[in-house]
Amino acid sequence: YEYDNYITKTAPAAGSFDDLIETGVASMREDYRDIFRETFSREALLEKFTSGVDEVYLETPQMGDDGEYHWVANHAIKLDNPYSDDILLFTFTRIIDYRKKLENKVITTKQEIHNYRSAVVRSFDRIYEIKAEDCSVTLVTLNKNNIVHNNYL
């Protein structure tokens, strides 16, 4: 963890890996707790890493010291141990609030464009899309709230 810029300072300074995972689970939004345990528990990681998986990734909302949930990218990477058969891993966590906001904005914008196009299609008997680059013409219709593009010529 890079604690200076991290959202919470609650991780134990020492202890077991299981304790670290449970500390993370305790600050996670409830609907993500089981999937986080299923993904990052010691047993789950050992099973994945011994079956050939080299890295595990999951995004979760986690409560920060500011009392707000923040999106966190959790990443565990297996390393080859040159001295024994023990499994070594690095875990990385990163705050991804900004990226999640951008993703949500893209989803919202796509939905707004779809809603606008649906309203336009409902308003007219016929609508054609004409592409300037190749002069192709497409008839646009609405079928059960889905915009359908019918190649015209």
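Structure first, text after, so check above.
These numbers were taken from a predicted model, which means no experiment stands behind them.

Undergrad: How do you make sense of the sheet that holds strand β2 (residues 69–79) when you look at a structure like this?
TA: Pairing between the strands of a sheet comes from backbone hydrogen bonds, and it takes one of two forms, parallel or antiparallel. On the basis of which strands lie adjacent, the open sheet formed by three strands has the order β1-β2-β3 and antiparallel pairing. A single partner strand is all that each edge strand has here, and the edge strands are β1 (55–63) and β3 (88–95). Here the strands of the sheet are splayed against their neighbours by 20° on average, with no regard to which way each runs. In the sheet, β2 pairs with β3 via eight bridges, with the strands oriented antiparallel. Counted as the bridge partner of Val72 is Ile95 from β3. Running at roughly 150° to β1, helix α2 (residues 30–40) makes contact with β1 and β2 of the sheet.

Undergrad: Help me out: how do you make sense of the packing of aromatic side chains in this one?
TA: Two descriptors summarise a pair of aromatic rings, namely the distance from one centre to the other and the angle between the planes of the rings. Here the structure, examined in full by the defined rule, presents three aromatic pairs. When the centroid spacing of 6.1 Å and the interplanar angle of 25° are considered together, the rings of Phe90 and Phe92 count as stacked. A cation over a ring is seen here: Lys100 above Trp71, with NZ or CZ 4.4 Å from the ring centre.

Undergrad: Sorry, what's going on with the pattern of salt bridges here?
TA: Two side chains bearing opposite charge may form a pair once their charged atoms approach each other closely. Across all of its chains, the model carries nine salt bridges by this definition. Linking Glu59 and Lys100 is a salt bridge whose minimum nitrogen-to-oxygen distance equals 2.9 Å. Of the two residues, Glu59 sits in strand β1 while Lys100 sits in helix α4 (residues 97–123), which places them 41 residues apart along the sequence. Between Glu103 and Arg99 there is a salt bridge; the shortest N-O distance is 2.9 Å. Note that Glu103 and Arg99 are positioned in helix α4 at a spacing of four residues, about one turn of the helix. Relative accessible area serves as the criterion here: at 33%, Arg99 is assigned to the partly exposed category. Each of the salt bridges in this network shares a partner with another, and the network as a whole consists of Glu59, Arg99, Lys100 and Glu103.

Undergrad: How should I be thinking about unusual backbone geometry in this particular structure?
TA: Apart from glycine, the bulk of residues carry a negative phi angle, and the bulk of peptide bonds sit in the trans form. In this structure, Cys135 takes a positive phi of about 60° despite not being glycine. Its place among the elements puts Cys135 in the loop between β4 (127–130) and β5 (137–143).

Undergrad: Explain the nonpolar core to me, please; I cannot follow it from the model alone.
TA: Burial of nonpolar side chains together is a common tendency in soluble globular proteins. Membership of the largest hydrophobic core is limited to 10 residues, which are Ile21, Val25, Met28, Phe36, Phe40, Leu45, Phe49, Val56, Leu58 and Ala76. For this core, the secondary-structure elements that each account for two or more residues are α1 (17–26), α2, α3 (42–50) and β1. If sequence neighbours within four positions are ignored, Val56 has contacts with Thr39, Phe40, Leu45, Lys48, Phe49, Asn74, His75 and Ala76.

Undergrad: Whenever I open this one, the side chain of Thr39 confuses me. Can you help?
TA: Mapped onto the elements of the fold, Thr39 is located in helix α2. Of note is the side chain of Thr39, whose polar atom sits 2.7 Å from the backbone oxygen of Ile35. When residues no more than four places from it in sequence are discounted, the contact partners of Thr39 are Ala44, Leu45, Lys48, Val56 and Leu58.

Undergrad: Help me understand the packing of α1 against α2, please; the structure alone is not making it clear to me.
TA: Axes are the key here: two packed helices are described by the angle between their axes and the distance separating the axes. Contact pair α1 / α2: the axes reach a minimum separation of 10 Å and the direction vectors enclose 160°. Considering the angle they form, α1 stands roughly antiparallel to α2. Crossing of α1 against α2: the hand is right-handed. The residues of α2 that touch α1, namely those facing Phe17, Ile21, Glu22, Val25 and Ala26, are Arg33, Phe36, Arg37 and Phe40.

Undergrad: Would you explain α1 in this entry?
TA: Since there are 3.6 residues in each turn of an α-helix, residues three or four apart along the chain are aligned in direction. Considered for burial, the residues of α1 that qualify are Ile21, Gly24 and Val25. All buried residues of α1 project into a common sector of 100° when viewed along the axis, lining one side. Buried residues along α1 sit against α2 and β1.

Rules used throughout
- Residues numbered from 1 in each chain as written.
- Predicted model: local features only at pLDDT ≥ 70, side-chain atom pairs only at ≥ 80, totals over all residues.
- Heavy atoms only, no water.
- Pairing = 2+ DSSP bridges.
- Helix = DSSP H or I, 4+ residues; strand = E, 2+ residues; numbered from the N terminus.
- Axes fitted to C-alpha atoms, helices over the stretch in contact; angles between N-to-C directions.
- Contact = heavy atoms within 4.5 Å.
- Phe/Tyr/Trp six-rings, centres within 6.5 Å; stacked < 30°, edge-to-face > 60°.
- Lys NZ or Arg CZ within 6 Å of the ring centre and 35° of its normal.
- Salt bridge = Lys/Arg side-chain N within 4 Å of Asp/Glu carboxyl O.
- Buried < 20%, exposed > 50% of the residue type's maximum accessible area, 1.4 Å probe, protein only.
- Core = buried A, V, L, I, M, F, W, Y, C linked by side-chain atoms within 4.5 Å.
- Polar contact = N/O pair within 3.5 Å; in protein donor to acceptor, adjacent residues only side chain to side chain.
- Parallel < 35°, antiparallel > 145°, perpendicular 65-115°, else oblique.
- Left-handed = near helix turned anticlockwise from the far one by under 90°.
- Arc of directions from axis to C-beta.

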